[in-house]
Amino acid sequence: MKRSVFLKFTTCIFAFYGVILSLLTARREGYTPPFSRLLYFTAQSNLLLGCSKLIEGIVLLCKQRLGRGLFVLSFISTVAVSLTGITFCFFLAPFSPGDYSPWTVCNLFTHVFTPLLGAIDFVTNSPTFHLSKKTVWLCLIPPLVYALGVSLLAARGINFGRGEPYPYFFFYYRSPAGVWGFSHVSPFYVGSGYFLLALGLFTLTLALVFRALYNKKSAKN
């Protein structure tokens, strides 16, 4: 149990540290006001995971059993932060402007270290519950709620910190590719709709992978 508690609190610290660091370095990296960084799924998924691990760690320290609801929350937050990490590393960082290095200390914490620790903690959890197929669909809640909120803010022309009315390029519905079109303008090669559908399917895929890994371990015990 000591290893599990240590891993949960370490994940929590990394998640909160990454978000706090993102606020402290916001102006230097061109985000004004600094708190606009909280409008990004990166910060929100890290905070969700951090809060989940903090509660889990406290429960275990009190020698109590993790409830099913808390465990499902851990599952959802792990998938959400994993989505953040993979999307950044493979879809956002490669398209960063030439004069901007995406691999800052802040981004390493929020997009690499925290997602890795969260994933390791989840798959090494002592088997307690069996994750049903229904729980996989619950993992769509964070990205769906975020997409709806961002879309409403973008429609109102809200500045997401860098003078742009969108947080990520695939939320720019007025791009050269539009929602369902195509273009030759980087990074708007395909419409926002295709990206959002792909992210939804990818979220479900991640959820299925984590569920399979956990349930496989659970079946052996």
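Here, residues in each chain are numbered from 1, in the same order as that chain's written sequence. Given that this is a predicted model, residues contribute local features only at a pLDDT of at least 70 and side-chain atom pairs are listed and counted only at 80 or more, while totals for whole chains, interfaces and linings are drawn from all residues. The basis for every side-chain value is the complete set of heavy atoms in the structure, and neither hydrogens nor water enter the calculation.

Asker: Just to check I follow, could you spell out the nonpolar core for this structure?
Answerer: Nonpolar side chains tend to gather and get buried jointly when the protein is soluble and globular. Formed by 38 residues in total, the largest nonpolar core has its most connected members in Phe75, Tyr168, Phe170 and Phe171. In this text, helices come from DSSP runs of H or I with a minimum length of four residues, and strands from runs of E with a minimum of two, each type numbered from the N-terminal end. When contributions to this core are tallied by element, the ones reaching two or more residues are α3 (68-92), α4 (105-123), α6 (141-155) and α7 (192-220). Ranked by residues supplied to this core, first place goes to α3 with nine residues. With near-sequence residues (within four places) excluded, Tyr168 lies in contact with Tyr40, Phe41, Thr42, Leu92 and Tyr146. Only buried residues count toward a nonpolar core, which is a set of Ala, Val, Leu, Ile, Met, Phe, Trp, Tyr and Cys residues joined through side-chain atoms within 4.5 Å. Classification of residues uses two cut-offs on accessible area relative to the type maximum, computed with a 1.4 Å probe and protein chains only: under 20% is buried, over 50% is exposed, and between them is partly exposed. By definition, residues are in contact when any of their heavy atoms lie within 4.5 Å.

Asker: In this structure, what is going on with the layout of surface pockets? I would like to understand it.
Answerer: Where empty space is left in the structure can be found by rolling a water-sized probe over the atoms. Cavity: a set of points on a 1 Å grid over the protein atoms alone where a 1.4 Å probe fits but cannot get out. Pocket: an open set with protein on both sides within 12 Å along at least five of seven lines, its lining residues, like those of a cavity, having an atom within 4 Å of a point. Grid points are joined across faces, edges and corners, and a volume is the space filled by probe spheres set on the points. Counted as a void, the largest pocket has a volume near 640 Å³. Tyr31, Tyr40, Arg162, Pro167 and Tyr168 are the residues nearest the centre of the largest pocket, which is lined by 25 residues in total. When contributions to the lining of the largest pocket are tallied by element, the ones reaching two or more residues are α1 (2-24), α2 (41-61), α3 and α4. Looking at the lining of the largest pocket element by element, the count peaks at four residues for α4. Of the residues contributing to the lining of the largest pocket, the split by class is 16 nonpolar, six polar and three charged. Looking at the second largest pocket, its volume works out to about 320 Å³. Residue lining of the second largest pocket: 20 residues in total, with Leu83, Pro143, Phe170, Phe171 and Leu199 positioned closest to the centre. Contributions of two or more residues to the lining of the second largest pocket are made by α2, α3, α6 and α7. Three residue categories are used. Nonpolar comprises Ala, Val, Leu, Ile, Met, Phe, Trp, Tyr, Cys and Pro, charged comprises Asp, Glu, Lys and Arg, and polar comprises the others, including Gly.

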